[in-house]
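Structural overview for review
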Amino acid sequence: MRVPVHRRITRRLRHILRVRSMRSIGGDVANLLFLALLSIVMVIPMVYVINNAFKPLEELYLSPPRIFVQNPTLDNLRDLFSVMDTSWVPISRYFFNTLLVTLVGTSGHVILASMAAYVLEKHRFYGRNAFFSLVVVTLLFNSTVTSIPNFVIMSSIGLVDNYLALIIPAFGSPLGLFLMKQFMESVPNAMLEAAKIDGAGEMRIFFRIVMPSVKPAWLTLIIFSFQSLWNSTGGVLIRSEELKPLPYALNQIVSGGFARAGAAAAVSLVLMIVPIVVFVLSQSQILDTMATSGIKE
Amino acid sequence: MMAFKGGPRQGVGAVFRKIWHDRVSYAFLLPFAVVFLAFTVLPVVISVFYSFTYNNILETPRWVGFQNYIRLFTRDDVFITALQNTLLFALITGPGGYILSFVVAWFINETSSSLRTLFVLIFYSPSIAGSVYVIFGVLFSGDIYGYMNGFLINLGLVSDPIDWLNDTRYIKMVIILCVLWSSMGAGFLSFVAGLKNVDSQYYEAAAIDGLRNRWQELWYITLPMMKPQMMFGAIMSITSSFSIHEVTLSLAGFPSAGYAAHTMVNHMWDYGYQRFEMGYASAIATVLFLMMLLSRKLINRLLERVGH
């Protein structure tokens, strides 16, 4: 029996667009159209940043401005290191500061939050529920709102103007613990018990069994921690020029005016692209973790 | 509290024995707990305490009762402006970003998996791209060379360039657009992941039970199953929408024209770091905490009604 052409096309379209019933083709097309249009609005600022990094100086100051680069050049990226090397603190130092703070802060956070999440999820002890409730409540209060008392605490323990002022608070971020604990539900208890019967200690169980089975959650903790540390300007916590992170340098270069516009465009690109690349590399695993992120009240 | 062998009627000795027995668990929790308590919980406690004191860092804090709060609400016009602005921003970018995140996540879930990856990347990127929002300053630049002005003039919609970032009528709008643009963060990812994981069996069963279209499916099946993720997303939205700060500094400057973009966090930083009135700044922080907790309660109530 021959299937009419329009049926075949519809079927084919259904297959391409999606597979479920209760869907009209018109709705599916409208859906895609909506997403595509909104996507364009979303990417304009980012496309602009990418193009700027490759624009020669006269194009950066073109009027009226254009989004797309006409004569791409690598001068800006080259300038980034030469121009800034002549200033008091070389740009490579800012870059190093941001990298150090981000890497140390993020790795410490993943380890400390995972250890805490493991016992909160798999062990039974006094205070466990109370502690976790406290974590869930504090998800509301980010570092912007607690900045002032945080500064007072940092100055009273003498950590102002020290990398540690940025690194240590990152270790204890409630968001990471929360996500890790929720994800740990998926680690089968039978596996842990079997290891215990075999005589493995808690340390061994944690590092050999628990940590390898929650890899997707690591990546999620990494992206959130990475992103907040990577974008930190140091604010009032870092005073010395040679300890300031890269986003601070960007602000300085931007206010430096015309001569540094090229370097500013290049720094913007570097700052933007790194977290995005980290996300692209870990997207599917991050989504696995976020599926367990719900809060049951 | 925890239930364990022997039931609730136990002596103090048994409690200590239980704690000693679990020492390894406490040891695992300890490093995180110390940092978390010192740099997340303690600041909140200190804020509340300082809000009842006069404190300029140099001298020891002096107890002043509710004076900081009285001053905030009766004698500080700029604070009242900041409060109004913060509420306006929070009311628009909070629910706005939340609904946008959900709608986009839902739409993305309706596409095939290869497109899904691409769309998630596009919508999520602005929230992790850091200071890229600076670009909004260029897009909405006040002269004829700003993109938005150029665009509107070309279309013939306006004849003279609009000074977006210095005109009190437009500053808020530009900031709201910028915040919405970068509002699809952790909550959005949670929605995408949650939607993907709703078991397709429920949909099949619902189709047999006579649900007609994707809207009914959304209300009766998807939303109720997504409640935990929706609570998480709500918390993320509250956090970010009440703490709008750096965006206003970089787009509208400080202070913004006519304080049109002045938020409570701006006000708090001004008093804390410029004037070193830590007690006063802490009172602002405490008001913010209360507003956030209240919103959380409210959203909890609302979510209970979903699917009925």
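Residues numbered from 1 in each chain as written. Chains lettered and ligands numbered in written order. Predicted model: local features only at pLDDT ≥ 70, side-chain atom pairs only at ≥ 80, totals over all residues. Heavy atoms only, no water.

Details of the domain arrangement of chain A
Residues and elements named next belong to chain A. Convention followed: Marked domain ranges trace back to an automatic or database domain assignment. The contact criterion used is simple: two residues touch if any of their non-hydrogen atoms lie within 4.5 Å. Two parts placed together each lose some accessible area under a 1.4 Å probe, and adding up what both lose gives the buried area. Any carboxyl oxygen of Asp or Glu that lies within 4 Å of a side-chain nitrogen of Lys or Arg is treated as forming a salt bridge with it. To qualify as a helix, a DSSP run of H or I must reach at least 4 residues; to qualify as a strand, a run of E must reach at least 2; elements of each kind are numbered from the N terminus. Under the scheme applied here, ten amino acids are nonpolar (Ala, Val, Leu, Ile, Met, Phe, Trp, Tyr, Cys and Pro), four are charged (Asp, Glu, Lys and Arg), and all others, including Gly, are polar.
The domain boundaries assigned to chain A delineate domain 1 (25-73) and domain 2 (83-290). For domain 1 and domain 2, the distance between their C-alpha centroids amounts to 31 Å. On the side of domain 2, 10 residues touch domain 1, which itself brings nine residues to the contact. Both sides together, the interface formed by domain 1 and domain 2 hides about 770 Å², and carbon and sulfur atoms give 88% of it. The three residues of domain 1 that bury the most area against domain 2 are Val49, Leu57 and Tyr61, which together make up 49% of that side's buried surface. In this structure, the connection of domain 1 to domain 2 is made through zero salt bridges. Of all elements in the fold, only helix H2 (25-53) and helix H3 (57-60) reach the threshold of two or more residues within the side of domain 1 that touches domain 2. Among the elements that take part in the side of domain 1 that touches domain 2, H2 stands out by supplying five residues, more than any other. Class assignment for the residues of the side of domain 1 that touches domain 2 results in eight nonpolar, one polar and no charged.

Thoughts on the pattern of salt bridges
Residues and elements named next belong to chain A. Convention followed: Per-residue accessibility, obtained with a 1.4 Å probe over protein chains only, is compared with the maximum for each type, and a residue is labelled buried under 20%, exposed over 50%, and partly exposed between these values.
One pass over the full model with this rule turns up seven salt bridges over all chains. The partner of arginine 78 in a salt bridge is aspartate 75, with the nearest N and O atoms 3.2 Å apart. Here arginine 78 pairs with aspartate 75, and both are found in helix H4 (residues 75-85), just three residues apart, close to one helical turn. Since its relative accessible area comes to 56%, arginine 78 is described here as exposed. Taking relative accessible area as the criterion, aspartate 75 reaches 38% and is therefore assigned partly exposed. Ionic pairing is found between glutamate 121 and lysine 181, a salt bridge with its closest N-O pair at 3.4 Å.

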